[in-house]
Amino acid sequence: MGADAGAVSRITGADIDALAAGAAILGCGGGGQVDLLRSALRPRRGELAVRVEPVDSALRSLVAVTFLGSTTVLGEKPPGGFELPTAVEAVERWTGERAEAVVPAQIGGMTALGTVSLADMSGLPILDADMVGRATPRLDQLSIFTRGVVRLTAAIVTTSGLSIVIDASSPAELESALRGAVAPSGGWAAFALGPLSLDRVRADLVIGSVSRAIRVGRALADQESLAAAAAALGGRIAARGRVIDVERHDDPISFVHGTAALSDPRSGAVARLEMGSEYLYLTVDGEPTASVPDVISVLDARTGGPIGADQLRSGNHVEVLVLPGAPLWRSDPAFLARADPRFYGIDADPITATTP
Amino acid sequence: MTARLSELLAVPGLQDARLITGDPQSRIERVLGRSGPPRVISATLAAGPPAVLVLMDPVTRFDTAFDVLLRRASQAGIVTVAFASSPGAEPGRGTTALADRLHVGLLAVPEPWEASIQLHEQLASSHAPAVRLITRAAQAALEAGPDVTETLHRLETALGYPLSLLDASGHTLEGTAVLDDAGRSLLIASSTGGHPVQVPDRDGGQLVAAAVGTGIGPRAWLAAAVPRSLPMETAGLLGALQTAGIAVGHRLALARLADERDAQSRTSLLDELRAAGSAPPPELAQRAIRAGWPLDAWHIGIRIVPRGPADPIAQRSDILDAFARRGLAIQAVEQDTGWAAWVSYDSEPSVTEVRSASAGMRRAQADLRSRIATNVGVGSVQAGASGLVRTVGEAADAARLATNRPETGHFVHIDTLGLAQLLLAWTQTDTFLPAARELLAPLDRAGGQLLITLGHYLDTGASVAETAAILDVHRNTVTNRLAQIQRLLGVDLADPETRLALHLASRTLR
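Predicted model only: the values in this text are computed from it and were never measured.

**Some thoughts on the overall build of chain B**
Now for step 1: Across its full length, chain B carries 19 helices and 17 strands.
Now for step 2: When each of the 510 residues of chain B is scored for burial, the buried share is 47%.
Now for step 3: Relative to all contacts within chain B whose residues are 6 or more apart in sequence, the contacts with residues 24 or more apart total 63%.
Now for step 4: For chain B, the exposed surface amounts to about 23300 Å²; the carbon and sulfur share of it is 53%.

**Re the sheet that holds strand β5 (residues 51-55) of chain B**
Residues and elements named next belong to chain B.
Now for step 1: Read across the open sheet, the 5 strands follow the order β2-β7-β6-β5-β4; overall the sheet is mixed. Lying at the two open borders of the sheet, with one neighbouring strand each, are β2 (18-21) and β4 (30-34). Pairwise comparison of adjacent strand axes, ignoring direction, gives a mean angle of 25° for this sheet.
Now for step 2: Here β2 runs beside strand β7 (residues 105-108); their pairing, made up of 3 bridges, is antiparallel. From the neighbouring strand, T21 faces β7, where its bridge partner is L106.

**A closer look at the pattern of salt bridges**
Side chains that carry opposite charge are capable of pairing whenever their charged atoms lie near each other.
Residue and element names in this part refer to chain A.
Now for step 1: Per the stated rule, a full pass over the model turns up 34 salt bridges over all chains.
Now for step 2: Across the pair R44 and D120 runs a salt bridge whose closest N-O atoms are separated by 2.7 Å. One end of the pair, R44, is in the loop between α2 (34-41) and β2 (49-53); the other, D120, is in helix α5 (residues 111-122), with 76 residues separating them in the sequence.
Now for step 3: Accessibility expressed as a relative area gives 23% for R44, which makes it partly exposed.
Now for step 4: In this structure, R60 engages E100 in a salt bridge whose closest nitrogen and oxygen atoms are separated by 2.6 Å. Taken together, the positions of R60 in the loop between β2 and β3 (61-69) and E100 in the loop between α4 (83-95) and β4 (101-104) put the pair 40 residues apart, joining distant regions of the chain.
Now for step 5: Among the charged side chains, a network of salt bridges with common partners joins D17, D35, R38 and R45.

**A word on the environment of B:E7**
Residues and elements named next belong to chain B.
Now for step 1: You can see E7 is positioned in helix α1 (residues 5-10).
Now for step 2: Overall, E7 belongs to the buried group, its relative accessible area being 11%.
Now for step 3: Considering only alpha carbons, one finds E7 and E233, 226 residues apart in sequence, at a separation of 8.1 Å.

**Here's the deal with the packing of helix α16 (residues 448-459) of chain B against helix α19 (residues 496-509) of chain B**
Residues and elements named next belong to chain B.
Now for step 1: Two elements in contact, α16 and α19, have axes separated by 10 Å at closest approach and are oriented at 120°. With respect to each other, α16 and α19 are oriented oblique. In this structure, α16 meets α19 at a crossing whose hand is left-handed. When α16 is examined against α19, the residues L454, G455, L458 and D459 are found in contact with a partner set consisting of R499, L502, H503, S506 and R507.
Now for step 2: The residue makeup of the contact of α16 with α19, split by class, is 3 nonpolar, 3 polar and 3 charged.

**Thoughts on helix α8 (residues 209-222) of chain A**
Now for step 1: When the terminal C-alpha atoms of α8(A) are compared, their 20 Å separation across 14 residues agrees well with the 20 Å that a helix rising 1.5 Å per residue should span.
Now for step 2: What α8(A) keeps buried is the set A:S209, A:V210, A:S211, A:R212, A:A213, A:I214, A:V216, A:G217 and A:A219.

**Quick word on the sheet that holds strand β16 (residues 295-300) of chain A**
Now for step 1: The strand order β15-β14-β13-β12-β11-β17-β16 (chain A) describes an open sheet built from 7 strands, whose pairing is antiparallel. Each of the sheet's edge strands pairs with one partner strand only, and the pair in question is β15 (287-291) and β16 of chain A. The mean angle between the axes of side-by-side strands here comes to 35°, regardless of whether they run parallel or antiparallel.
Now for step 2: Taken together, the 6 bridges between strand β11 (residues 236-248) of chain A and strand β17 (residues 317-323) of chain A define a ladder with antiparallel strand orientation. Its bridge partner being in β17(A), A:I237 is matched across the sheet by A:L321.
Now for step 3: Contacts from helix α1 (residues 16-26) of chain A reach β16 and β17 of chain A, with the element oriented near 115° to β16(A).
Now for step 4: Sitting on the sheet, helix α3 (residues 64-75) of chain B touches β13 (270-275), β14 (279-284) and β15 of chain A, and the angle it makes with β15(A) is about 145°.

**A word on the interface of chain B and chain A**
Now for step 1: At the interface, 19 residues of chain B touch 25 residues of chain A.
Now for step 2: Together chain B and chain A conceal approximately 1800 Å² of surface at their shared face, both sides included; 44% is due to carbon and sulfur atoms.
Now for step 3: Linking chain B with chain A are 5 salt bridges.
Now for step 4: With its nearest N and O atoms 3.3 Å apart, the salt bridge here joins A:E287 to B:R72.
Now for step 5: Taken together, chain B and chain A are joined by 12 residue pairs in polar contact (both at pLDDT 80 or more).
Now for step 6: Mapped onto the side of chain B that touches chain A, the elements with two or more residues apiece are α3 and α4 (93-102) of chain B.
Now for step 7: The biggest single contributor to the side of chain B that touches chain A is α4(B), with 7 residues.

**Concerning the layout of surface pockets**
All names here are of chain B.
Now for step 1: Looking at the second largest pocket, its volume works out to about 1000 Å³.
Now for step 2: Along the walls of the second largest pocket sit 37 residues, with L173, L252, A314, Q315 and S317 positioned nearest its centre.
Now for step 3: Only β9 (172-175), α9 (231-276) and α11 (312-325) provide two or more residues apiece to the lining of the second largest pocket.
Now for step 4: Partitioning the lining of the second largest pocket into residue classes produces 17 nonpolar, 7 polar and 13 charged.

**Overview of the nonpolar core**
All names here are of chain A.
Now for step 1: In this structure, I11, L19, L113 and V116 are the most contacted members of the largest nonpolar core, which totals 55 residues.
Now for step 2: Counting residues per element, this core draws most heavily on α1, which supplies 8 residues.
Now for step 3: When residues no more than four places from it in sequence are discounted, the contact partners of L19 are I11, A112, L113, V116, V210, A213 and I214.

**Structural notes on the side chain of B:Q365**
Now for step 1: Within the secondary structure layout, B:Q365 lies in helix α12 (residues 351-368).
Now for step 2: Excluding residues within four positions of it along the chain, B:Q365 makes contact with B:T374, B:N375, B:V376, B:G409, B:H410 and B:F411.

**What to know about the environment of B:D203**
Now for step 1: Its location among the elements puts B:D203 in the loop between β10 (197-200) and β11 (206-212).
Now for step 2: A sequence separation of 24 residues divides B:D203 from B:P227, and the C-alpha atoms of the two residues are 7.6 Å apart.

Thresholds, definitions, all that
Residues numbered from 1 in each chain as written. Chains lettered and ligands numbered in written order. Predicted model: local features only at pLDDT ≥ 70, side-chain atom pairs only at ≥ 80, totals over all residues. Heavy atoms only, no water. Helix = DSSP H or I, 4+ residues; strand = E, 2+ residues; numbered from the N terminus. Buried < 20%, exposed > 50% of the residue type's maximum accessible area, 1.4 Å probe, protein only. Contact = heavy atoms within 4.5 Å. Areas by Shrake-Rupley, 256 points an atom, 1.4 Å probe, with all protein chains shown as cover. Pairing = 2+ DSSP bridges. Axes fitted to C-alpha atoms, helices over the stretch in contact; angles between N-to-C directions. Salt bridge = Lys/Arg side-chain N within 4 Å of Asp/Glu carboxyl O. Parallel < 35°, antiparallel > 145°, perpendicular 65-115°, else oblique. Left-handed = near helix turned anticlockwise from the far one by under 90°. Nonpolar A, V, L, I, M, F, W, Y, C, P; charged D, E, K, R; others polar. Expected span 1.5 Å × (residues − 1). Buried area = accessible area lost by both parts, 1.4 Å probe. Polar contact = N/O pair within 3.5 Å; in protein donor to acceptor, adjacent residues only side chain to side chain. 1 Å grid on protein atoms, 1.4 Å probe; cavity = no way out; pocket = protein on both sides within 12 Å on 5 of 7 lines; lining within 4 Å. Points joined across faces, edges and corners; volume = space filled by probe spheres on them. Core = buried A, V, L, I, M, F, W, Y, C linked by side-chain atoms within 4.5 Å.

Right, here's the structure in full:
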């Protein structure tokens, strides 16, 4: 899956639906409600035109953005639209460096559309990349932190206008400081990290992510069935059936919050999903079938719409779509160790999506 | 050793185990105990014969790791996974659905270690359950006192099965009636010699019994029912019953020894009373009273002679029970054959009382027939110590007559049939006339009218009207005279045999 395969160079209003659908799939059941931002972008569709730059472009610096905190609260307390631009300004002001482009920290979920909105407002191009390839619950899991970064400057801006800028010496420190700040100030916040030197992080980025999200969204819209869409995207429907059992544990510290079992009425197969904020691990008839860092997404069998990990209920008829994860994670054991099931507290080896 | 899951779970130590899903009939050959998280355990499973996998550590989550374990277990030939859940963790529908799909049973056990040991013990060797049961039986036997009932109770507790002590013919002597009549007869019919017996019952279980030997008296049986088909448990129980049989036999022998001592003292007391004649010395009277025999009373003697082999000492309680059930509190003394018995009254019993007592004895004899067939003789009402000896003697004579009287059910009461018997026996001899005269003497003493009235009454075929007509008196006069006759002779004229005897006697004197 190269960066150039179907790479886009521009995002216009016509691409928003595909991007939104693709980002929801890549969100793996987490990453927030995509529909919320899609609605917010709708009035500007006509004039929307955002430049998309490939990772090997000559840009020098970029700012990574995403949303932090509870995505449920985000639905109840929608963004005003100023949060991401304000966060980017805050890091620029603190560091005295200008960003030449923005990049979604995670492609999965609402961050993709948030980045488009930001780019549109600030006039900056989007770098066709991200730092996860799906969605992640933790900042310190971003790919650029694997080999370490020299300096970390980040800002959060809450919906009430509170801005905090943090200089941290390690991702873990950043994570814990931000978590502490987000919870009391409204439940969620816009996040900006940087500016980062593109030369420095280029090798540690998941390349082509924005294009991929659009490609996934288009495949879903164009293909006759989910199975056909999956095949077109190099993935597969790994399990299907009715949800017969959902258990959620009241254990906020652990990544894995719950488990759900599916029963396929046709084959009789019993599948089980392990989930935290996102879907993480899948077995079918007790056979490990899919795992992080691959993309595991649960879709409503009737509507094809993605079902979030926090929305899955007994009685849902679903199909489980598995797409290959970002090759970056498997390129090096150091990367894989930060994205495999064990990192999420699941005592199992990672499984490759292409394994039949 | 192979066993069905249901068999393994039926033993008392595993009764708290709960089979959440799975086939209770699946065959099990091994038990695998594994500790550690499910993923580690999954890696250790290798294909083999059908097994129970016991997870030693409590399962905290029924998640993908547990599903993977189920799959590996299924591939390794494991038919059931036994586990304990952490508080709050229960296998959900997904887990049970997968277990069903993979044909792996889920068995919730309160204590995995204990369950593992129990399963191992049962599967490791066929002798283990037997050793366990026999050891328990021996322990219970050691701890129990000399009482049969207590010993039986302790054995039941130790073995975990209700037990029945049966006599040689299959009647329950002690303990729970674990078998119905059909089961008992089947069991007894299947027994040969002193060997333990095992027969299937109608409900798919097994009836087992082991002989209880005391060395004296008839053999008894110790029986139990195993509710399901559990070959190992049944075999073990049979061994335990044999062990228990020795203990119970010992207690029975002790009880027998005490019974024999009592029997001997009773028999010699009666013999001494017989020898003492009309006036027993005060010391003897004292002993009789201590034995619970009221001498200064009216007695009706009863002689009970078994028609087949019997054990007077062991079966005395059966005799007492049978008469007690008919409202007769009898004294019974063991004799060489059968029992000399009597029933005592504080005041002279009326004819009605005697008649109902006689009827009660007849019924008691009938009740006993299924266990002991007897000849029963009953004496007349007699008073005092000498009267006791006399009526018991009469009863003995009557019992001898009863031997040849199947038509009366081998029951002869001197007061009624006795007269006829005596007369018939004596008509051919010189002694008949004086006997007849003596029989009717009370009527002579009351004046000739009664004798004449009796003669006509009997001649007319017991017709009061005819007799009145012949004698030219009012019929009420005849009725009065007949009542007087009955009172003086102490007989019942309604009885045809009595009428015959009196008829013969009156004819002889005429």
